[in-house]
Amino acid sequence: MKRLFCILFCFSMLGCQSQSDQKPKDIIPEDKMVRILADIHTAEAMIESNVIYPDTALMTFNQEQEKIFTRYNVTQSQFEDTYDYYLDNLKDMDELYEIIVDTLSMRETKAKAGTGQEATTEQEQQLQAQ
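Here the structure is a predicted model, which means the values were calculated and not measured.

Participant: Explanation requested: the packing of aromatic side chains in the structure shown.
Facilitator: Pairs of aromatic rings are described using the distance from one ring centre to the other and the angle between the two planes. Applying the stated criterion across every chain yields a total of 3 aromatic pairs. Plain terms: the ring middles of Phe79 and Tyr83 are 5.8 Å apart, the flat faces sit at 25° to each other, and that makes the pair stacked. A residue pair is termed a helical-turn pair when its members lie 3 or 4 positions apart in one helix, as Phe79 and Tyr83 do in helix α4 (residues 76-88) at 4 residues. Through a chain of ring-to-ring contacts, three or more aromatic side chains come together here, namely Phe69, Phe79 and Tyr83.

Participant: Which parts of the structure should I look at to understand the packing of α4 against helix α5 (residues 90-115)?
Facilitator: Two numbers describe a pair of packed helices, the interaxial angle and the distance between the axes. Relative to each other, α4 and α5 sit at 110°, their axes nearing to 5 Å. In terms of orientation, α4 lies roughly perpendicular with respect to α5. Every residue of α5 that contacts α4 at Tyr83, Tyr85, Tyr86, Leu87 and Asp88 is listed here: Leu90, Asp92, Met93, Leu96 and Tyr97.

Participant: Looking at this structure, how should I read the nonpolar core?
Facilitator: Nonpolar side chains tend to gather and get buried jointly when the protein is soluble and globular. In terms of nonpolar packing, the biggest core is built from 25 residues, with Met33, Ile36, Leu37, Phe79, Leu96 and Ile100 touching the most fellow members. Secondary structure elements with two or more residues in this core: α2 (30-50), α3 (54-71), α4 and α5. When residues in this core are grouped by element, the largest group, 8 residues, is from α2. Ignoring sequence-local partners within four residues, the contact set of Phe79 consists of Ile28, Met33, Ile36, Leu37, Ile40 and Phe69.

About the thresholds
- Residues numbered from 1 in each chain as written.
- Predicted model: local features only at pLDDT ≥ 70, side-chain atom pairs only at ≥ 80, totals over all residues.
- Heavy atoms only, no water.
- Phe/Tyr/Trp six-rings, centres within 6.5 Å; stacked < 30°, edge-to-face > 60°.
- Helix = DSSP H or I, 4+ residues; strand = E, 2+ residues; numbered from the N terminus.
- Axes fitted to C-alpha atoms, helices over the stretch in contact; angles between N-to-C directions.
- Parallel < 35°, antiparallel > 145°, perpendicular 65-115°, else oblique.
- Contact = heavy atoms within 4.5 Å.
- Core = buried A, V, L, I, M, F, W, Y, C linked by side-chain atoms within 4.5 Å.
- Buried < 20%, exposed > 50% of the residue type's maximum accessible area, 1.4 Å probe, protein only.

Right, dumping it as structure tokens:
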């Protein structure tokens, strides 16, 4: 989660970048991109917490990322083109990451509920109450 918030902070600092109205021809739909990035951030967090050696972590992350792309039937190139589009359109990127953060928060809440841990944040408690 720390890395995710670092990413979000970096995006907010890049707010001066130019905006591009031109979407790539094979842009990944927003809802699919949210699921892909949420899965990538989840895999990254799990790898960071379980793998000691950086080289092994990178190799493992690359393998997991490829599995995610296969699961969602997208290519590395499609993902990169879509991600580049969002980097050039930070307002859209901010909106995308708001959804991703919500998605990751819900996953965390479900995981804690499955292990019997109590929700610790107000947002998590609200989600459980719904």
